[in-house]
Amino acid sequence: MATGQLRVYFGAAPGVGKTYKMLEEGHRRVERGTDVVVGFIETHGRKHTDELIEGFEVVPRAKLAYKGTTLEEMDLAAVLARRPQVALVDELAHTNAPGSPNEKRWQDIEELLDAGITVITTVNVQHLESLNDVVYDIAGVRQRETVPDAVVRQAQQIELVDMTPEALRRRLAHGNVYAPEKVDAALGNYFRVGNLTALRELALLWVAGKVDEQLDQYRADHNIGSHWETRERVVVALTGGPEGETLIRRAARIAARTKGADLLAVHVARSDGLTGGDPAHLARQRVLVEDLGGTYHQVVGTDIPDALLAFARGVNATQLVLGASRRGRWAQLFSPGVGVTTTSESGSIDVHLVTHEATAHRWRIGMGGDRPWSRTPGGLSLGRRAGGFILSVAALPVLTVLLLAVDADVSLSTDILAFLLLVVAVALVGGLLPAVLAAVGGFALLNYFFTPPVRAFTVAERENLLALFAFLVVAVSLSTVVDVAARRTREASQARAEAATLFTLAGSVLRGSRPLPALLEQIRETFAFDAVTLLERRPEALGGPDLEHANEAWTVVACVGSPICLTPGDGDAEVHVDDSYTLVMSGHALAAQDRRVLEAFAAQATIALRQERLEEAAATAGSLAEVDRVRTALLNAVSHDLRTPLASAKAAVGTLRMSDLPLTEDDRAELLATIEESLDRLSGLVENLLDMSRLQAGALALAIQPIDVADVISAAVSSLGPAAYEVIIRVPEDTPEVSSDPALLERAIANLVQNAIRHSPANAPPQITASALGKAVEIRVIDCGPGIPEADWDQIFQPFQRLGDRDNTSGVGLGLALSRGLIEAMSGTLSPEGTPGGGLTMTISLPAVTRPIPEPVQTARERS
């Protein structure tokens, strides 16, 4: 059975007209003869929407009883049984009432689609799961009903229902969205112009991303390889050289000229893995790209221009930024280079060749400064090359003498083969240059001693001349091949060693909780240094002279081993990361072949340092934000709760002081009781606030001691007065003592019991039980009230939360937050769970006191 198709009307906010558009589409399909039914439509009392439902067959809703009320939901079974061609189902992200076949409406819709029914539905951008946090930051409202992005993305058609913020606010003001009594609050909160503008941008961008996916899929399905300039995308090619940062910034400026342009950086690594960019440069450049809002990519290819253009066309790039070639003119004569080749084959992609400081240099510039590095060294050591020269000089005369001794028995071709074997042997030992010397020497010896006329550098026969030149060409070619093979073998070994080192270092960093010390320690062990120190140049010393030995110019950021190097000049080796950071090693000098790997991890060390500092700054900012949030919430909350008892007490005192007002003794007693109650309430509020402040500041004094659980529970219940007389207490006599502060535990239990009394029905008073569980004692405060959804359990412990309350008459919402803080300060836990049959159970877990078993007393006779 073919599955149905999904069509989604997508909006930025309620009221833009999604349901209206959906109903209009339904009418169009009915006019075309399509069987359309209304599965579920939520009109919200909007007149024009109600009018559009007329003419449709409406499937009756399912009625579900929940907590004394009747809720209406879509009758999924009825729609499946009806089997229409098209079903109109509103509010894709809706959460179904308990007792429904599925938890979410989008799950109902999936069942309809699987049954072959086409579904038309609606959803707002704030309900997308991926944007939930973003919407919260914009509007300050956490959306409880969300739908996975994948559900919406699978729709065959997504139509954006767009409206300007001003038009939507006018529609709201005219009463076309909400009831009149809700309009002012909506306009001043969620429907502010800034909120609507941001939500509209989110919706437009999300739909644009979906359109990009559809376009890419269409091009792939139809094998369209040509470039379509649907969005500005700037790709910058990085070689791993020092010019990369210049290219990235230039590409970022190009991308910034167009609103919504994408910046992508790509590094093409050779498929042989033997040559590539400097890892240290690439690490820093990747960070720079991401800081500028771009993305970093790495691809592997044998032909760099082909790989680069394949990537650019794959991401539908419009512009490509390359660095001007650093090769010399002679090299460009024999090969046009990456830039020229890429430009000639780029087609419709605009190519920018950017000049940079490294263009004038014909060498690779190291990170340690402007010191030029020579090109990659030869594949053989100096000793082997010297051995090759010695072998060439010594073996040529010996071979000549041996061949002259048997000259009568061998031909010229045999002599040539013998000298060719000698050249190969010299190439294997000493590489190219000794082998070339052997080839030239062999050519001369063959000409003088073995080619008629002998003892002369002339050749009588043209065939012999051709044979001699063939020998020279073959000998030089073989020498070159052997030398290149040796060079590649050495490069491969070095690359394998570097890869193993990088893997080890990366693993040590990823496994450590603090990456910077772990990285420095691994560097010290890998390269056998005595100490590794990361130095940071003081801000006042930046841009000044290079003070290698000035202690006042440097700060030690991190160090492993000893001795600690206070300046770059104190170490045996150093790697300059940038103008601010230098990695200094002591113990021995740094080998040239190790500098490349060490530079990469010096860059990683600075990245790890910046990451640690950013995390510390984020933690500090989070703490300050939390303090500010608590302060703001405190001011908002106590504005009523402090004023109410003060106003009550003041009114009662004023009444008592009125001499012209006759008061009976009962009236005076009632007014005095009101004053006492108000002051007690005020005292409790201030005490809670002070304790909460002490908890947050870590300054709460504790008097931990073994205490009896039953005594503390009784005291807590008694402190609540007549309201707690009906509370049921069940504490077994063998319950162990707990280790806690009796006064604080009593406060915590009293808060929980007071909360349970407030929410318990009259015929089901709260219960308090206690029992031992392992090495802990659990105290449970149980109520049979309405309970709290599990999703809100963490929220009830936030300060100044009155979940479910609509006013401030019940306190500032500190009770549960304070109780959890007090319990955790005593090494315990406070956690909620549902009460079987309905309600909430708060469980306190505290460490039990283990009493040592007394040893039996021995009598004098037993001791003897």
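Refer to the structure printed above.
Quick caveat: nothing in here was measured; it's all calculated off a predicted structure. (Residues numbered from 1 in each chain as written. Predicted model: local features only at pLDDT ≥ 70, side-chain atom pairs only at ≥ 80, totals over all residues. Heavy atoms only, no water.)

**Regarding the packing of helix α12 (residues 304-314) against helix α14 (residues 337-345)**
One way to put it is that α12 packs onto α14 with a least axis distance of 9 Å and a crossing angle of 45 degrees. By the angle class used here, α12 and α14 are oblique. Handedness of the α12/α14 crossing: right-handed. Between α12 and α14, the residues in contact are Ile304, Pro305, Asp306, Leu308, Leu309 and Arg313 and Val338, Thr341, Thr342 and Glu345, respectively. In terms of residue class, the contact of α12 with α14 is made up of five nonpolar, two polar and three charged. (Axes fitted to C-alpha atoms, helices over the stretch in contact; angles between N-to-C directions. Helix = DSSP H or I, 4+ residues; strand = E, 2+ residues; numbered from the N terminus. Parallel < 35°, antiparallel > 145°, perpendicular 65-115°, else oblique. Left-handed = near helix turned anticlockwise from the far one by under 90°. Contact = heavy atoms within 4.5 Å. Nonpolar A, V, L, I, M, F, W, Y, C, P; charged D, E, K, R; others polar.)

**Points about the environment of tyrosine 20**
Secondary-structure assignment places tyrosine 20 in helix α1 (residues 18-31). The spatial distance from the C-alpha of tyrosine 20 to the C-alpha of histidine 48 is 8.0 Å, given a sequence separation of 28 residues. Residues in contact with tyrosine 20, not counting those within four places in the same chain, are His48, Thr49 and Leu52.

**Side note on a nonpolar patch on the surface**
A contiguous nonpolar surface patch, about 360 Å² in accessible area, is contributed by Phe389, Val393, Leu433 and Leu437. Taken together, the elements giving at least two residues each to the nonpolar patch come down to α15 (382-405) and α17 (432-450). Structurally, the position occupied by phenylalanine 389 is in helix α15. On the accessibility criterion, phenylalanine 389 (34% relative accessible area) is partly exposed. (Patch = residues over 30% accessible without salt bridge, like charges linked within 9 Å, V, L, I, M, F, W, Y side chains within 5 Å. Areas by Shrake-Rupley, 256 points an atom, 1.4 Å probe, with all protein chains shown as cover. Salt bridge = Lys/Arg side-chain N within 4 Å of Asp/Glu carboxyl O. Buried < 20%, exposed > 50% of the residue type's maximum accessible area, 1.4 Å probe, protein only.)

**Observations concerning the nonpolar core**
In this structure, Phe10, Leu88 and Val147 are the most contacted members of the largest nonpolar core, which totals 61 residues. It is helix α9 (residues 193-221) that contributes the most residues to this core, six residues altogether. Other than its neighbours up to four places away in sequence, phenylalanine 10 contacts Lys18, Val123, Asn124, Val125, Leu128, Ile158, Glu159, Leu160, Val161, Ala203, Trp206 and Val207. Among the nonpolar cores identified, the runner-up in size contains 34 residues, and Ala724, Val777, Trp793 and Phe797 belong to it. (Core = buried A, V, L, I, M, F, W, Y, C linked by side-chain atoms within 4.5 Å.)

**Concerning the pairing of strand β24 (residues 776-783)**
Of all eight residues that make up β24, seven are buried, and the element is covered over most of its length. The sheet contact formed by strand β23 (residues 767-773) and β24 spans seven bridges and is antiparallel. Among the inter-strand pairings, leucine 773 is bridged to a residue of β24, identified as alanine 776. Between β23 and β24, which pair antiparallel and follow one another directly, the connecting turn spans two residues, one of which, glycine 774, has a positive phi of 65 degrees. In this sheet, strand β26 (residues 840-847) lies alongside β24 in antiparallel orientation, the contact comprising eight bridges. Counted as the bridge partner of glutamate 778 is serine 845 from β26. (Pairing = 2+ DSSP bridges.)

Shape descriptors only; they carry no functional weight alone.
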